[in-house]
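Residues per chain, in single letters:
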Amino acid sequence: MGGTSSKLPKDLLSEYQELTFLTKQEILLAHKIFSELQGGENGPYSSRVSMQKILTLPELKANPFRKRLCHVFSTSDMKDGSLNFEDFLDLLSAFSDTATLEIKSHYAFRIFDFDDDGTLDARDLEKLVNCLTGETDDTRLTAEEMRQLISNILEESDIDKDGTVNLSEFQHVISRSPDFVSSFKIVL
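Residues numbered from 1 in each chain as written. Predicted model: local features only at pLDDT ≥ 70, side-chain atom pairs only at ≥ 80, totals over all residues. Heavy atoms only, no water.

**Quick look at the overall build of the protein**
For the record, the criterion: Segments assigned H or I by DSSP are reported as helices when at least four residues long, segments assigned E as strands when at least two residues long, and all are numbered from the N terminus. Residues are treated as being in contact if the distance between any of their heavy atoms lies within 4.5 Å. Throughout, the Shrake-Rupley method with a 1.4 Å probe supplies accessible areas, and for residues the shown protein chains are the sole cover considered. Think of it this way: Lys and Arg go in the positive column, Asp and Glu in the negative one, and His and the chain ends go nowhere. By convention, charge coordinates are those of NZ in Lys, CZ in Arg, CG in Asp, or CD in Glu.
A tally of helices and strands in the protein yields 11 helices and 0 strands. Taken from the N to the C terminus, the helices and strands of the protein come in the order α-α-α-α-α-α-α-α-α-α-α. The dimensions of the protein, computed from C-alpha atoms along their principal axes, are 60 × 35 × 30 Å. Within the protein, counting contacts between residues at least 6 apart in sequence, those at least 24 apart form 55% of the total. Total accessible area on the protein is roughly 10600 Å²; 53% of this is exposed by carbon and sulfur atoms. Averaging the locations of the 20 positively and 33 negatively charged side chains of the protein gives two centres separated by 7 Å.

**Some thoughts on the pattern of salt bridges**
Keep this limit in mind: Basic side-chain nitrogens of Lys or Arg form a salt bridge, by our definition, when they fall within 4 Å of a carboxyl oxygen of Asp or Glu. Accessibility here uses a 1.4 Å probe with only protein chains present; expressed as a share of the type maximum, an area under 20% marks a residue as buried, one over 50% as exposed, and anything in between as partly exposed.
Applying the stated criterion across every chain yields a total of 9 salt bridges. The residue Arg123 makes a salt bridge to Asp115 at a minimum N-O spacing of 3.9 Å. The partner of Glu144 in a salt bridge is Arg147, and the shortest N-O contact between them spans 2.8 Å. A residue pair is termed a helical-turn pair when its members lie 3 or 4 positions apart in one helix, as Glu144 and Arg147 do in helix α9 (residues 143-157) at 3 residues. The exposure class of Arg147 is partly exposed, given its relative accessible area of 45%. What emerges from the salt-bridge pattern is a single network uniting Asp115, Asp121 and Arg123.

**With respect to the packing of helix α5 (residues 66-73) against helix α7 (residues 101-112)**
What counts is decided by this rule: Note on definitions: angles span 0 to 180 degrees between N-to-C directions of axes, and those axes are lines fitted to C-alpha atoms, for helices only across the stretch in contact. Just so you know how the angles are binned, under 35 degrees is roughly parallel, over 145 roughly antiparallel, 65 to 115 roughly perpendicular, and the rest oblique. Each crossing gets its hand from how the near helix is turned against the far one by less than a right angle, where anticlockwise is left-handed and clockwise is right-handed. The residue classification treats Ala, Val, Leu, Ile, Met, Phe, Trp, Tyr, Cys and Pro as nonpolar and Asp, Glu, Lys and Arg as charged. All others, Gly included, are polar.
Two elements in contact, α5 and α7, have axes whose closest approach is 9 Å; the angle formed by their N-to-C orientations is 110 degrees. One element, α5, and the other, α7, form an angle in the roughly perpendicular class. Handedness of the α5/α7 crossing: right-handed. Contacts between α5 and α7 pair Arg68, Leu69, Val72 and Phe73 from the former with Tyr107, Arg110 and Ile111 from the latter. Taken together, the residues of the contact of α5 with α7 sort by class into 5 nonpolar, no polar and 2 charged.

**Observations regarding the UniProt feature "domain: EF-hand" (unreviewed entry) in the protein**
Under the convention used in this document: UniProt positions are given in the numbering used here, feature names are shortened, and annotations may be inferred rather than shown by experiment.
Per the UniProt annotation, the sites labelled "domain: EF-hand" (unreviewed entry) are residues 100-135 and 145-180. Annotated as residues 100-135, this span is 67% helix and 0% strand, and its ends, taken at the C-alpha atoms, are 32 Å apart. Here residues 145-180 is 64% helix and 0% strand, with 24 Å between the C-alpha atoms at its ends.

**Observations concerning α7**
Condition: Each helix should span, by expectation, one fewer than its residue count multiplied by 1.5 Å.
A rise of 1.5 Å per residue sets the reference length of α7, with its 12 residues, at 16 Å; its end C-alpha atoms lie 16 Å apart and thus fit the reference within 8%. The complete set of buried residues in α7 reads Lys104, Ser105, Tyr107, Ala108, Phe109, Ile111 and Phe112. On its buried face, α7 sits against α5, α6 (85-94), α8 (122-133), α10 (167-175) and α11 (180-183).

**Quick look at the environment of Thr100**
What counts is decided by this rule: Each polar contact in these results corresponds to two N or O atoms within 3.5 Å; when the atoms are within protein, one needs to be able to donate a hydrogen and the other to accept it, and residues that are neighboring in sequence are counted only if both atoms are side-chain atoms.
Tracing the chain through its elements places Thr100 in the loop between α6 and α7. Through-space distance from the C-alpha of Thr100 to that of Val181 is 7.8 Å; in sequence the pair is 81 residues apart. Looking at Thr100, its side chain comes within polar contact range of the main-chain nitrogen of Ile103, at 3.1 Å.

**Thoughts on unusual backbone geometry**
Of note in the backbone geometry, Lys79 takes a positive phi value of approximately 55 degrees without being a glycine. Looking at the secondary structure, you find Lys79 in the loop between α5 and α6. The exposed category is assigned to Lys79, whose relative accessible area is 68%. Backbone geometry at Lys161 places phi at a positive 55 degrees, although glycine is not the residue there.

Following this line, the structure appears as structure tokens:
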């Protein structure tokens, strides 16, 4: 035995299979990648990898929400975006092909809720649009374009007309987007 996969006890592997949407092979690959990020240390279950190191993964480098992903999935008391192995598995599980629409939309909502207040307000939507379009002079929307776009988003999504989009309103919109589940994924 001597390979990286032998470091993950079988009982933990079985538990991770039950608690995630990941296959045995995906969990073992995640374990290998996480161990490499740690510098080959043993016992990746509780030790943390910094957000800076997590963001070196090719699968996250180009993602405009990469820092939000780390913050949403991190269980660190320091609120620093660092991930332990179980946080890493949770992230990969939520973005797996087999994760449900409910799980994916729940995490998408949390990622887009930049101020973590449980609603998507105009400031969250502006940050969301800027992440998607880029914030360079060439791609940034004018103030009027941004105002109109946010107004259109709220008109379409804000069912109770309180000026924000809550989780259930967001999930309602997502349920009408057939390509959401297939595009909301990370493949190692």
